[in-house]
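If you want the building blocks of each chain, they are given just below.
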Amino acid sequence: NKKYSMLAYENDWLINIDNLGIAPVVHAILTCNWKGYESEYVIKDNKYLYWDYLMFRAKEGVFPPINGVTAKLTVTEFKVDGETEKDYFMEYKNIMKVPYTGGIILGDGLIRRLGENQGYQYPHIYKEVLECRFKCGELVYVKDYSDEMRHIRKRLEDKFIIEELS
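Asker: Please explain the packing of aromatic side chains as it appears in this structure.
Answerer: The geometry of an aromatic ring pair comes down to the distance between the two centres and the angle between the two planes. In the structure shown here, the tally under the stated rule is five aromatic pairs. Where Tyr9 meets Trp13, the ring centres are 5.3 Å apart and the plane angle is 45°; that geometry is what we call tilted. Using a relative accessible area of 15% as the deciding quantity, one classes Trp13 as buried. Seen in terms of ring centroids, Trp13 and Tyr41 are 5.2 Å apart; in terms of plane orientation they differ by 90°. Their pairing is edge-to-face. Here Trp13, found in the loop between strand 1 (5-9) and strand 2 (37-44), pairs with Tyr41, found in strand 2; they are 28 residues apart in sequence, far enough to count as distant.

Dropping the structure here:
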C-alpha cells in the first residue's frame, strides 16, 4: 500500500487522456501539474499494473466512460472577493489493467533540499528508488537502487563542497 512517484518510464506510456476525449482545465497557478490531471497506478496482488484513479478539473460537461467506468462529478464551492465560485472535478476509479511492457522508475522520500516541488525530479533526490519491469502488465522484475542513489548524492555533495571551498 506504499505510494511512490513515477519518475520515468522506458517505452511510450499507453495511457493518454487526450486520446480519450478528455480535456482537463489546467490550473495556471498549480505549476506542479501542467498536464492538468492526477493519475494513480497500483500493482495489485504484487503482480499486475492497474490504472486505479484519474482526477482532473473540468468545466461542466459530459465525460466519456473509460473501459466502462463512468466519471463521478465533485463540485467544490469557494469565495473569491465575496462571490461564490465553483470548481468541477471529475474522478474515475478502478479503471483498468494496463498492458504495459517495459521499465518504470519509482521514487519515494523526496529530499526537499535537493529538489524542487514542481515538475519532474531526478531519481537521486529520492531516498528510495525502484526499477520495476513489466511484460504485458505483469510485474516480472524489481530492483532497488536506493543505495546507488545515496552514493550519487554523496559524490555530488562532496563535489559541491570542494567547488564551494575553491
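Asker: What is the right way to look at the environment of Pro99 in this model?
Answerer: Secondary-structure assignment places Pro99 in the loop between strand 5 (83-97) and strand 6 (102-110). A sequence separation of 85 residues divides Pro99 from Leu14, and the C-alpha atoms of the two residues are 7.9 Å apart. Not counting residues within four places of it along the chain, the set of residues in contact with Pro99 comprises Leu14, Cys136 and Gly137.

Asker: Got a minute to help me understand the side chain of Asp52 in this structure?
Answerer: Here Asp52 lies in strand 3 (residues 48-58). Buried charge without a salt bridge: Asp52, with Lys44 as the nearest opposite-charge side chain at an N-O distance of 4.3 Å. If we skip the residues at most four places from it in the chain, Asp52 touches Glu40, Tyr41, Val42, Lys44, Tyr92, Lys93, Asn94 and Ile95.

Asker: What should I look at first to understand the nonpolar core in this one?
Answerer: Across soluble globular proteins, nonpolar side chains show a tendency to be buried alongside one another. Trp51, Leu54, Phe56 and Tyr92 are the most contacted members of the largest nonpolar core, which has 22 residues in total. Put simply, the parts of the chain that give this core at least two residues each are strand 3, strand 5, strand 6 and strand 7 (126-135). In terms of residue count, the dominant contributor to this core is strand 3 (five residues). Once you skip the residues sitting within four places of it in the chain, Leu54 turns out to touch Ile17, Ile22, Tyr37, Glu38, Ser39, Ile66, Met90, Glu91, Tyr92 and Ile95. Counting residues in hydrophobic clusters, the runner-up holds five residues, among them Leu7, Ile125, Val129 and Met149.

Definitions and limits used
Residues numbered from 1 in each chain as written. Predicted model: local features only at pLDDT ≥ 70, side-chain atom pairs only at ≥ 80, totals over all residues. Heavy atoms only, no water. Phe/Tyr/Trp six-rings, centres within 6.5 Å; stacked < 30°, edge-to-face > 60°. Buried < 20%, exposed > 50% of the residue type's maximum accessible area, 1.4 Å probe, protein only. Helix = DSSP H or I, 4+ residues; strand = E, 2+ residues; numbered from the N terminus. Contact = heavy atoms within 4.5 Å. Lys, Arg positive; Asp, Glu negative; His and termini not counted. Salt bridge = Lys/Arg side-chain N within 4 Å of Asp/Glu carboxyl O. Core = buried A, V, L, I, M, F, W, Y, C linked by side-chain atoms within 4.5 Å.

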